[in-house]
Amino acid sequence: MRLSNKAEEILEYLWIMIREMGEERVSLKELKTDRDAPEIQELMSLNYIDVSPDSATLREEGMGEAESAVRRHRLAERLMVDVFDLDRGLMEENACLFEHLLRREVEESICTLLGHPGVCPHNRPIPAGRCCRDSVKTARNIVSSLADVKRGVKGRVAYLHTRDNKKLQKLMTMGILPGVTIEVMQTFPSYVFRLGHTQIAVDKEMATDIFMMPGR
């Protein structure tokens, strides 16, 4: 059963305060709710939380769902910054909206797309999902920075990520655009790749800004 947005936000906040901040309980005032609020009644009916007259805490039954809510929020933040290139103010607002749209299948695809990031833009840990654990054994990322792939890898450029407009213009002038096929020829001391009939060399900093989909 899908939780309401408010119930997910309560779980998320409780998990952060209890698991990361070391609190045992959180006041209902801090949660900006009260015992009779629909979101509190919803979570109590599922045995996800325990509520006293003025505070709440997570029950063991609610830990997994709460951790998943935190994971979705932090992945949404990474998506807003890494792919959509939003600034911090817009990132937070949009991540709060987007996290409630993420379901497990999409969440895992986005996590894979982002390369199973370990931390959010605030440098807080992103709880690992099943896709992260599986990736350690078998899977490769859908999108990787050019600086992270090995010599001989072919693929299409997925996107360019840089806040430096001059650098972005330089990359585009060289013909490095989303959708073009490149093949990595060398990774040290500089990164050399083939684009059509041309070989292009870039330094590591610039290679880090080029994201490609290997094998595509």
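Residues numbered from 1 in each chain as written. Predicted model: local features only at pLDDT ≥ 70, side-chain atom pairs only at ≥ 80, totals over all residues. Heavy atoms only, no water.

## Digging into the pairing of strand 9 (residues 210–214)
And then number 1: Within strand 9, four of the five residues are buried, leaving the element largely enclosed by the surrounding structure.
And then number 2: Looking at chain direction, strand 4 (residues 144–145) and strand 9 are connected through two bridges and run antiparallel. Considered in strand 9, the bridge of Ser144 is made with Met212.
And then number 3: In terms of strand pairing, strand 5 (residues 154–160) meets strand 9 through five bridges, oriented antiparallel. In the sheet register, Val157 faces strand 9, and the bridge partner there is Met212. (Buried < 20%, exposed > 50% of the residue type's maximum accessible area, 1.4 Å probe, protein only. Helix = DSSP H or I, 4+ residues; strand = E, 2+ residues; numbered from the N terminus. Pairing = 2+ DSSP bridges.)

## Describing the sheet that holds strand 4
And then number 1: What the six strands build is an open sheet, ordered 4-9-5-6-7-8; its pairing is antiparallel. Pairing within the sheet leaves two strands with one partner each, and these edge strands are strand 4 and strand 8 (198–202).

## Quick look at the packing of helix 3 (residues 60–82) against helix 4 (residues 88–98)
And then number 1: At a minimum axis distance of 8 Å, the contact between helix 3 and helix 4 shows a crossing angle of 130°. Classed by the angle they form, the pair helix 3 and helix 4 counts as oblique. Here the hand of the crossing between helix 3 and helix 4 comes out right-handed. Only Met91, Glu92, Asn94, Ala95, Cys96 and Phe98 of helix 4 make contact with helix 3, whose side of the interface consists of His73, Ala76, Glu77, Leu79, Met80 and Val81.
And then number 2: A class-by-class count of the residues in the contact of helix 3 with helix 4 yields eight nonpolar, two polar and two charged. (Axes fitted to C-alpha atoms, helices over the stretch in contact; angles between N-to-C directions. Parallel < 35°, antiparallel > 145°, perpendicular 65-115°, else oblique. Left-handed = near helix turned anticlockwise from the far one by under 90°. Contact = heavy atoms within 4.5 Å. Nonpolar A, V, L, I, M, F, W, Y, C, P; charged D, E, K, R; others polar.)

## Here's the deal with the sheet that holds strand 3 (residues 55–58)
And then number 1: Across the sheet, three strands lie side by side as 1-3-2; this open sheet has antiparallel pairing. Lying at the two open borders of the sheet, with one neighbouring strand each, are strand 1 (26–27) and strand 2 (49–51).
And then number 2: Bridge count for strand 1 against strand 3 is two bridges, and the pairing is antiparallel. Bridge pairing in strand 3 places Val26 opposite Ala56.

## Looking at the packing of helix 1 (residues 5–20) against helix 3
And then number 1: Close contact between helix 1 and helix 3 brings their axes to 8 Å; oriented N to C, the two are set at 100°. In terms of axis orientation, helix 1 runs roughly perpendicular to helix 3. Here helix 1 contributes Glu8, Leu11, Glu12, Trp15, Ile16, Ile18, Arg19 and Glu20 to the contact with helix 3, which in turn contributes Gly62, Met63, Glu65, Ala66, Glu67, Ala69, Val70, Arg72, His73 and Arg74.
And then number 2: Class assignment for the residues of the contact of helix 1 with helix 3 results in eight nonpolar, two polar and eight charged.

## Description of the pattern of salt bridges
And then number 1: Going through the model one piece at a time under the given rule, you end up with nine salt bridges.
And then number 2: With its nearest N and O atoms 2.9 Å apart, the salt bridge here joins Glu20 to Arg74. On the criterion of sequence distance, the pair formed by Glu20 in helix 1 and Arg74 in helix 3 is long-range, its members being 54 residues apart.
And then number 3: Ionic pairing is found between Asp50 and Arg25, a salt bridge with its closest N-O pair at 3.5 Å. Taken as a pair, Asp50 in strand 2 and Arg25 in the loop between helix 1 and strand 1 lie far apart in primary sequence, 25 residues in all.
And then number 4: The class of Arg25 is partly exposed, set by a relative accessible area of 32%.
And then number 5: If you follow the salt bridges from partner to partner, you end up with Lys167, Glu205 and Asp209 in one network. (Salt bridge = Lys/Arg side-chain N within 4 Å of Asp/Glu carboxyl O.)

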